[in-house]
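# Overview (structure and organization)
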Amino acid sequence: MPELPEVETMRRGILPLVGGVIVEAFCPTSHHHPIKYSPPADRLFAMLVGRRITAVERCGKRLLLRLDDERALVIEPRMTGRVMLDPPQIPSHVRLVLQVVSEHQEPHATLDCAERTMIFRDVRGLGTVRLLDGNTFPAELGPHKIGPDALEIYWQELRDRLGHRKCAVKVALLDQKAIAGVGNIYASEALHLAKIHPAMPCCAITNRQWQRLHEALQRVLKEAIASQGSTLSDGAYATPSNEAGRYQHLHRVYQRTGERCCQCRRGIIRRIVLGQRSTFYCPVCQPIRSRNH
DNA sequence: ATTAATGTTCAGAA
DNA sequence: TTTCTGAACATTAA
(Lines give C-alpha, C1' and ligand atoms only; values in the text may rest on other atoms or scores of the structure.)
Protein backbone atom coordinates (compact mmCIF):
# COMPACT_ATOMS: atom_id res chain seq x y z
CA MET A 1 0.00 0.00 0.00
CA PRO A 2 2.71 2.45 -0.64
CA GLU A 3 1.06 5.83 -0.98
CA LEU A 4 2.83 9.17 -1.23
CA PRO A 5 4.46 9.11 2.25
CA GLU A 6 5.70 5.54 1.86
CA VAL A 7 7.16 6.19 -1.59
CA GLU A 8 8.76 9.41 -0.34
CA THR A 9 10.36 7.39 2.47
CA MET A 10 11.67 4.93 -0.12
CA ARG A 11 13.08 7.83 -2.13
CA ARG A 12 14.92 9.26 0.84
CA GLY A 13 16.23 5.85 1.82
CA ILE A 14 17.89 5.18 -1.51
CA LEU A 15 19.38 8.66 -1.97
CA PRO A 16 22.86 7.18 -1.25
CA LEU A 17 22.67 5.62 -4.72
CA VAL A 18 22.84 9.03 -6.37
CA GLY A 19 26.12 9.52 -8.19
CA GLY A 20 26.84 5.81 -8.36
CA VAL A 21 27.12 3.66 -11.47
CA ILE A 22 24.98 0.57 -12.06
CA VAL A 23 27.39 -2.33 -12.57
CA GLU A 24 24.83 -5.13 -12.48
CA ALA A 25 21.07 -5.36 -13.02
CA PHE A 26 19.16 -8.61 -12.87
CA CYS A 27 16.26 -10.57 -11.43
CA PRO A 28 17.59 -13.37 -9.19
CA THR A 29 14.66 -15.77 -9.45
CA SER A 30 12.32 -16.81 -12.21
CA HIS A 31 8.74 -16.27 -11.18
CA HIS A 32 5.82 -18.12 -12.59
CA HIS A 33 4.10 -14.77 -12.93
CA PRO A 34 6.72 -12.14 -13.69
CA ILE A 35 5.83 -8.51 -13.12
CA LYS A 36 5.55 -6.08 -15.99
CA TYR A 37 8.91 -4.85 -17.26
CA SER A 38 9.21 -2.33 -20.06
CA PRO A 39 11.15 -2.95 -22.17
CA PRO A 40 11.12 -6.72 -21.49
CA ALA A 41 13.33 -7.82 -18.61
CA ASP A 42 16.52 -8.91 -20.42
CA ARG A 43 16.66 -5.83 -22.62
CA LEU A 44 15.83 -3.55 -19.68
CA PHE A 45 18.59 -4.99 -17.50
CA ALA A 46 21.13 -4.66 -20.30
CA MET A 47 20.21 -1.02 -20.81
CA LEU A 48 20.73 -0.25 -17.12
CA VAL A 49 24.28 -1.55 -16.84
CA GLY A 50 26.89 1.19 -17.05
CA ARG A 51 24.46 4.03 -16.36
CA ARG A 52 25.07 6.55 -13.64
CA ILE A 53 22.18 7.47 -11.33
CA THR A 54 21.91 11.25 -11.39
CA ALA A 55 18.87 11.76 -9.12
CA VAL A 56 16.16 9.95 -7.23
CA GLU A 57 12.74 11.56 -7.42
CA ARG A 58 9.13 10.78 -6.67
CA CYS A 59 5.97 11.60 -8.57
CA GLY A 60 2.76 10.63 -6.83
CA LYS A 61 3.20 7.01 -5.83
CA ARG A 62 6.00 6.36 -8.31
CA LEU A 63 9.71 6.21 -7.68
CA LEU A 64 12.02 7.60 -10.29
CA LEU A 65 15.73 6.97 -10.78
CA ARG A 66 17.12 9.41 -13.31
CA LEU A 67 19.99 8.11 -15.40
CA ASP A 68 22.84 9.85 -17.22
CA ASP A 69 21.44 8.94 -20.64
CA GLU A 70 18.32 11.10 -20.31
CA ARG A 71 16.23 8.14 -19.32
CA ALA A 72 14.51 7.32 -16.05
CA LEU A 73 13.88 4.03 -14.32
CA VAL A 74 10.33 4.27 -13.00
CA ILE A 75 9.24 1.88 -10.27
CA GLU A 76 5.56 1.57 -9.45
CA PRO A 77 5.18 -0.39 -6.19
CA ARG A 78 1.38 -0.59 -6.33
CA MET A 79 0.17 -2.96 -3.60
CA THR A 80 3.16 -4.75 -2.14
CA GLY A 81 6.19 -3.39 -3.94
CA ARG A 82 9.06 -1.98 -1.87
CA VAL A 83 12.74 -1.21 -2.20
CA MET A 84 15.49 -2.34 0.15
CA LEU A 85 19.03 -1.01 0.43
CA ASP A 86 21.80 -3.48 1.28
CA PRO A 87 19.51 -6.20 2.69
CA PRO A 88 21.24 -8.69 5.02
CA GLN A 89 19.73 -11.57 3.03
CA ILE A 90 18.06 -11.66 -0.34
CA PRO A 91 14.37 -12.27 0.43
CA SER A 92 11.76 -13.99 -1.74
CA HIS A 93 9.82 -12.31 -4.53
CA VAL A 94 12.69 -10.08 -5.61
CA ARG A 95 11.95 -8.53 -9.01
CA LEU A 96 15.05 -6.40 -9.56
CA VAL A 97 18.55 -6.23 -8.12
CA LEU A 98 20.77 -3.22 -8.80
CA GLN A 99 24.47 -3.27 -7.87
CA VAL A 100 25.69 0.31 -7.69
CA VAL A 101 29.29 1.44 -7.26
CA SER A 102 30.16 4.89 -5.96
CA GLU A 103 33.67 6.31 -6.06
CA HIS A 104 34.76 8.67 -3.33
CA GLN A 105 37.96 10.56 -4.09
CA GLU A 106 39.84 11.09 -0.85
CA PRO A 107 42.09 14.11 -0.48
CA HIS A 108 45.28 12.02 -0.41
CA ALA A 109 44.74 9.92 -3.49
CA THR A 110 42.95 7.09 -1.73
CA LEU A 111 40.32 5.61 -3.98
CA ASP A 112 37.40 4.24 -2.01
CA CYS A 113 34.79 2.27 -3.89
CA ALA A 114 31.50 1.70 -2.09
CA GLU A 115 29.26 -0.96 -3.53
CA ARG A 116 25.58 -0.90 -2.65
CA THR A 117 22.73 -3.21 -3.47
CA MET A 118 19.22 -2.00 -4.07
CA ILE A 119 16.46 -4.52 -4.58
CA PHE A 120 12.84 -4.14 -5.62
CA ARG A 121 10.70 -6.74 -3.90
CA ASP A 122 7.03 -7.30 -4.72
CA VAL A 123 5.19 -10.24 -3.15
CA ARG A 124 1.94 -9.93 -5.06
CA GLY A 125 3.66 -8.90 -8.23
CA LEU A 126 1.29 -6.15 -9.28
CA GLY A 127 4.08 -3.59 -9.48
CA THR A 128 5.88 -2.45 -12.61
CA VAL A 129 9.40 -1.46 -13.62
CA ARG A 130 9.83 0.74 -16.67
CA LEU A 131 12.64 2.52 -18.44
CA LEU A 132 11.25 5.70 -19.94
CA ASP A 133 12.40 8.79 -21.75
CA GLY A 134 13.38 11.11 -18.91
CA ASN A 135 12.37 14.23 -20.81
CA THR A 136 8.66 13.59 -20.98
CA PHE A 137 8.01 14.59 -17.38
CA PRO A 138 6.42 15.20 -15.06
CA ALA A 139 3.01 13.97 -16.11
CA GLU A 140 3.30 10.96 -18.36
CA LEU A 141 5.36 8.38 -16.53
CA GLY A 142 3.08 5.47 -17.24
CA PRO A 143 0.71 4.72 -20.07
CA HIS A 144 -1.64 7.34 -18.67
CA LYS A 145 -1.05 10.84 -17.48
CA ILE A 146 -1.27 11.37 -13.78
CA GLY A 147 -2.30 14.57 -12.08
CA PRO A 148 -0.12 16.97 -10.08
CA ASP A 149 1.51 15.65 -6.94
CA ALA A 150 -0.62 16.04 -3.82
CA LEU A 151 2.14 17.99 -2.06
CA GLU A 152 2.55 20.44 -4.93
CA ILE A 153 -1.08 21.35 -5.51
CA TYR A 154 -2.88 24.56 -4.50
CA TRP A 155 -6.32 24.39 -2.93
CA GLN A 156 -7.90 26.12 -5.92
CA GLU A 157 -6.42 23.49 -8.20
CA LEU A 158 -7.81 20.74 -6.01
CA ARG A 159 -11.24 22.33 -6.24
CA ASP A 160 -11.00 22.93 -9.98
CA ARG A 161 -9.98 19.34 -10.69
CA LEU A 162 -12.56 17.63 -8.47
CA GLY A 163 -15.23 20.19 -7.73
CA HIS A 164 -17.49 19.51 -10.71
CA ARG A 165 -17.74 15.75 -10.15
CA LYS A 166 -20.76 14.06 -8.71
CA CYS A 167 -18.94 11.13 -7.13
CA ALA A 168 -18.03 10.84 -3.44
CA VAL A 169 -15.10 13.04 -2.51
CA LYS A 170 -13.24 10.06 -1.07
CA VAL A 171 -13.48 8.20 -4.37
CA ALA A 172 -12.30 11.29 -6.26
CA LEU A 173 -9.25 11.69 -4.02
CA LEU A 174 -8.09 8.23 -5.10
CA ASP A 175 -8.16 9.16 -8.80
CA GLN A 176 -4.49 9.51 -9.71
CA LYS A 177 -5.37 11.30 -12.93
CA ALA A 178 -6.90 14.09 -10.86
CA ILE A 179 -4.32 14.26 -8.07
CA ALA A 180 -1.36 11.94 -7.58
CA GLY A 181 -0.22 10.30 -4.37
CA VAL A 182 -3.33 9.89 -2.22
CA GLY A 183 -4.42 6.31 -1.47
CA ASN A 184 -6.95 4.59 0.71
CA ILE A 185 -5.34 5.33 4.08
CA TYR A 186 -4.60 9.02 3.67
CA ALA A 187 -7.89 9.80 1.94
CA SER A 188 -9.82 8.72 5.05
CA GLU A 189 -7.36 10.43 7.38
CA ALA A 190 -7.43 13.76 5.54
CA LEU A 191 -11.23 13.83 5.31
CA HIS A 192 -11.49 13.22 9.03
CA LEU A 193 -9.10 16.05 9.80
CA ALA A 194 -11.03 18.30 7.42
CA LYS A 195 -14.35 17.25 9.01
CA ILE A 196 -15.87 16.26 5.68
CA HIS A 197 -18.00 13.16 5.23
CA PRO A 198 -16.27 10.78 2.78
CA ALA A 199 -19.49 10.20 0.83
CA MET A 200 -20.13 13.88 0.22
CA PRO A 201 -20.43 14.56 -3.52
CA CYS A 202 -17.55 16.69 -4.78
CA CYS A 203 -19.97 19.16 -6.32
CA ALA A 204 -21.57 19.81 -2.91
CA ILE A 205 -18.31 20.88 -1.28
CA THR A 206 -17.82 24.57 -0.53
CA ASN A 207 -14.71 26.65 -1.13
CA ARG A 208 -14.08 26.73 2.57
CA GLN A 209 -14.23 22.97 2.73
CA TRP A 210 -11.84 22.58 -0.21
CA GLN A 211 -9.45 24.83 1.65
CA ARG A 212 -9.79 22.72 4.79
CA LEU A 213 -9.36 19.52 2.83
CA HIS A 214 -6.25 20.83 1.13
CA GLU A 215 -4.73 21.87 4.42
CA ALA A 216 -5.63 18.53 6.01
CA LEU A 217 -4.04 16.65 3.12
CA GLN A 218 -0.80 18.59 3.43
CA ARG A 219 -0.72 18.02 7.16
CA VAL A 220 -1.51 14.31 7.06
CA LEU A 221 0.98 13.59 4.28
CA LYS A 222 3.75 15.54 5.98
CA GLU A 223 3.07 13.93 9.36
CA ALA A 224 3.17 10.52 7.72
CA ILE A 225 6.46 11.26 5.97
CA ALA A 226 7.91 12.36 9.31
CA SER A 227 6.83 8.97 10.72
CA GLN A 228 8.27 7.11 7.72
CA GLY A 229 4.86 5.96 6.54
CA SER A 230 2.36 3.38 7.77
CA THR A 231 3.28 -0.26 8.33
CA LEU A 232 -0.02 -2.14 8.54
CA SER A 233 -0.60 -5.46 10.26
CA ASP A 234 0.33 -7.36 7.10
CA GLY A 235 3.83 -5.90 7.35
CA ALA A 236 4.03 -5.48 3.59
CA TYR A 237 5.68 -2.08 3.82
CA ALA A 238 8.90 -1.04 5.53
CA THR A 239 11.58 1.55 4.86
CA PRO A 240 14.54 0.74 2.58
CA SER A 241 16.61 -0.06 5.68
CA ASN A 242 13.80 -2.40 6.76
CA GLU A 243 12.45 -0.34 9.64
CA ALA A 244 8.71 -0.31 10.24
CA GLY A 245 6.88 2.95 9.63
CA ARG A 246 5.22 4.51 12.69
CA TYR A 247 2.29 6.46 11.31
CA GLN A 248 -0.16 3.60 11.88
CA HIS A 249 -0.03 4.52 15.59
CA LEU A 250 -1.19 8.01 14.68
CA HIS A 251 -4.08 7.01 12.42
CA ARG A 252 -7.19 8.82 13.60
CA VAL A 253 -9.77 6.68 11.79
CA TYR A 254 -8.15 4.17 9.45
CA GLN A 255 -8.84 0.62 10.72
CA ARG A 256 -10.20 2.01 13.98
CA THR A 257 -13.78 0.78 13.57
CA GLY A 258 -15.66 0.83 16.89
CA GLU A 259 -13.11 3.01 18.67
CA ARG A 260 -14.02 6.38 20.12
CA CYS A 261 -13.03 9.33 17.95
CA CYS A 262 -9.87 10.96 19.29
CA GLN A 263 -11.03 14.36 18.08
CA CYS A 264 -14.50 14.80 19.54
CA ARG A 265 -14.34 11.96 22.12
CA ARG A 266 -17.99 11.18 21.35
CA GLY A 267 -18.34 9.59 17.94
CA ILE A 268 -17.60 5.90 17.31
CA ILE A 269 -15.55 5.29 14.19
CA ARG A 270 -17.51 3.64 11.40
CA ARG A 271 -16.43 1.62 8.40
CA ILE A 272 -18.30 1.90 5.11
CA VAL A 273 -17.46 0.80 1.57
CA LEU A 274 -17.02 3.49 -1.08
CA GLY A 275 -15.82 2.62 -4.55
CA GLN A 276 -15.26 -0.97 -3.37
CA ARG A 277 -12.74 0.14 -0.75
CA SER A 278 -12.91 0.38 3.02
CA THR A 279 -13.55 3.89 4.24
CA PHE A 280 -13.40 5.08 7.84
CA TYR A 281 -14.92 8.17 9.42
CA CYS A 282 -16.40 9.68 12.57
CA PRO A 283 -20.16 10.28 12.23
CA VAL A 284 -20.00 13.14 14.73
CA CYS A 285 -17.01 15.05 13.34
CA GLN A 286 -17.96 14.37 9.74
CA PRO A 287 -21.73 14.88 9.36
CA ILE A 288 -23.30 14.31 5.98
CA ARG A 289 -24.88 17.76 6.02
CA SER A 290 -22.44 20.46 6.98
CA ARG A 291 -24.20 22.46 9.63
CA ASN A 292 -22.78 25.84 8.95
CA HIS A 293 -26.02 27.73 9.01
C1' DA B 1 -11.63 -26.86 1.55
C1' DT B 2 -13.52 -22.74 -0.22
C1' DT B 3 -14.28 -18.02 -0.01
C1' DA B 4 -13.64 -13.22 1.12
C1' DA B 5 -10.81 -9.43 1.84
C1' DT B 6 -6.87 -6.64 1.22
C1' DG B 7 -5.41 -1.76 -2.27
C1' DT B 8 -3.60 0.05 -6.87
C1' DT B 9 -3.90 0.50 -11.68
C1' DC B 10 -5.68 -0.50 -16.20
C1' DA B 11 -8.84 -2.16 -19.98
C1' DG B 12 -13.23 -2.00 -21.47
C1' DA B 13 -17.94 -0.76 -21.29
C1' DA B 14 -21.91 2.00 -19.83
C1' DT C 1 -15.92 13.24 -20.12
C1' DT C 2 -17.05 10.52 -16.13
C1' DT C 3 -18.13 6.45 -13.69
C1' DC C 4 -18.39 1.60 -12.96
C1' DT C 5 -16.80 -3.36 -13.13
C1' DG C 6 -13.54 -6.91 -13.27
C1' DA C 7 -8.87 -8.59 -13.71
C1' DA C 8 -4.14 -8.76 -12.37
C1' DC C 9 -1.78 -11.14 -8.08
C1' DA C 10 -0.29 -13.52 -2.96
C1' DT C 11 -1.41 -14.18 1.45
C1' DT C 12 -4.21 -14.57 5.44
C1' DA C 13 -8.48 -14.97 8.03
C1' DA C 14 -12.95 -16.83 8.38
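Residues numbered from 1 in each chain as written. Chains lettered and ligands numbered in written order. Predicted model: local features only at pLDDT ≥ 70, side-chain atom pairs only at ≥ 80, totals over all residues. Heavy atoms only, no water.

## Points about the protein's contact with DNA strand C
Around DNA strand C sit His33, His93, Val123, Arg124, Leu126, His164, Arg165, Lys166, Cys167 and Gln276, and those are all the residues in its vicinity. A distance of 3.3 Å separates a phosphate oxygen of DNA strand C from a polar side-chain atom of histidine 164. Glutamine 276 places a polar side-chain atom, nitrogen or oxygen, 3.5 Å from a phosphate oxygen of DNA strand C. For the surface near DNA strand C, the per-class residue count stands at 3 nonpolar, 4 polar and 3 charged. (Near = heavy atom within 4 Å. Polar contact = N/O pair within 3.5 Å; in protein donor to acceptor, adjacent residues only side chain to side chain. Nonpolar A, V, L, I, M, F, W, Y, C, P; charged D, E, K, R; others polar.)

## So, the protein's contact with DNA strand B
Contacts to DNA strand B come from 17 residues, most closely from Met79, Leu126, Tyr254, Arg271 and Arg277. Each atom of DNA strand B within 4 Å of the protein belongs either to a base or to sugar and phosphate, the latter forming 72%. Note that a phosphate oxygen of DNA strand B is positioned 3.0 Å from one of the backbone N or O atoms of asparagine 184. Among the residues forming the surface near DNA strand B, the class breakdown is 4 nonpolar, 5 polar and 8 charged.

## Brief notes about the pairing of strand E11 (residues 277–281)
Bridge count between strand E10 (residues 270–274) and E11: 5 bridges; the pairing is antiparallel. When the bridges of E11 are listed, arginine 271 appears paired with phenylalanine 280. Hairpin remark: E10 followed by E11, antiparallel, with 2 residues in the connecting loop; positive phi at glycine 275, about 60°. (Pairing = 2+ DSSP bridges. Helix = DSSP H or I, 4+ residues; strand = E, 2+ residues; numbered from the N terminus.)

## Considering the packing of aromatic side chains
Scanning the model with the defined rule gives 3 aromatic pairs in all. Pairing tyrosine 37 with phenylalanine 45 gives two aromatic rings, centres 5.7 Å apart and planes at 80°, and the pair type is edge-to-face. Each member of the pair, tyrosine 37 as well as phenylalanine 45, is classed as buried. Consider the rings of tyrosine 186 and tyrosine 247, whose centres lie 5.9 Å apart with planes at 35°: the pair is tilted. Of the two residues, tyrosine 186 is situated in helix H5 (residues 184–194) and tyrosine 247 in the loop between helix H6 (207–226) and E10; the sequence distance between them amounts to 61 residues. The pair formed by tyrosine 186 and tyrosine 247 is uniform in burial state, with each residue classed as buried. (Phe/Tyr/Trp six-rings, centres within 6.5 Å; stacked < 30°, edge-to-face > 60°. Buried < 20%, exposed > 50% of the residue type's maximum accessible area, 1.4 Å probe, protein only.)

## Here's the deal with the packing of H5 against H6
Across the interface, H5 lies against H6 with an axial gap of 8 Å and an inter-helix angle of 125°. Judged by the angle between their axes, H5 and H6 are oblique. Both H5 and H6 take part in a crossing whose hand is right-handed. Contact residues: Tyr186, Glu189, Ala190, Leu191, Leu193 and Ala194 in H5; Arg212, Leu213, Ala216, Leu217, Arg219, Val220, Leu221 and Ala224 in H6. Partitioned by chemical class, the residues of the contact of H5 with H6 number 11 nonpolar, no polar and 3 charged. (Axes fitted to C-alpha atoms, helices over the stretch in contact; angles between N-to-C directions. Parallel < 35°, antiparallel > 145°, perpendicular 65-115°, else oblique. Left-handed = near helix turned anticlockwise from the far one by under 90°. Contact = heavy atoms within 4.5 Å.)

## Considering the domain arrangement of chain A
By the assigned domains, chain A splits into domain 1 (4–141) and domain 2 (155–281). Between domain 1 and domain 2, the C-alpha centre-to-centre distance is 29 Å. At the interface, 16 residues of domain 1 touch 18 residues of domain 2. A combined buried area of about 1,400 Å² lies between domain 1 and domain 2, and 65% of that area is made up of carbon and sulfur atoms. The interface formed by domain 1 and domain 2 contains 0 salt bridges. Where domain 1 touches domain 2, the interface holds 7 residue pairs in polar contact (both at pLDDT 80 or more). (Domains from an automatic or database assignment. Buried area = accessible area lost by both parts, 1.4 Å probe. Salt bridge = Lys/Arg side-chain N within 4 Å of Asp/Glu carboxyl O.)

## Thoughts on the nonpolar core
Ranked by size, the top nonpolar core spans 41 residues in total, and within it Val169, Leu173, Trp210 and Leu213 carry the most contacts. Put simply, the parts of the chain that give this core at least two residues each are helix H3 (155–162), helix H4 (169–173), H5 and H6. Residues Met10, Leu17, Ile22 and Val83 belong to the second largest nonpolar core, which totals 29 residues. (Core = buried A, V, L, I, M, F, W, Y, C linked by side-chain atoms within 4.5 Å.)

## Structural notes on the sheet that holds strand E5 (residues 71–76)
Strand order across the open sheet formed by 5 strands is E2-E9-E5-E4-E3, with mixed pairing between neighbours. Strand pairing shows two members of the sheet lacking a second neighbour, strand E2 (36–38) and strand E3 (53–59), which therefore form its edges. In this sheet, adjacent strand axes meet at a mean angle of 20° when their direction is disregarded. Relative to strand E9 (residues 128–133), E2 is paired through 3 bridges, and the arrangement is parallel. Among the inter-strand pairings, tyrosine 37 is bridged to a residue of E9, identified as valine 129. Strands in contact with helix H1 (residues 4–13) are E3 and strand E4 (62–67); relative to E3, the strand with the most contacts, it is inclined by about 170°.

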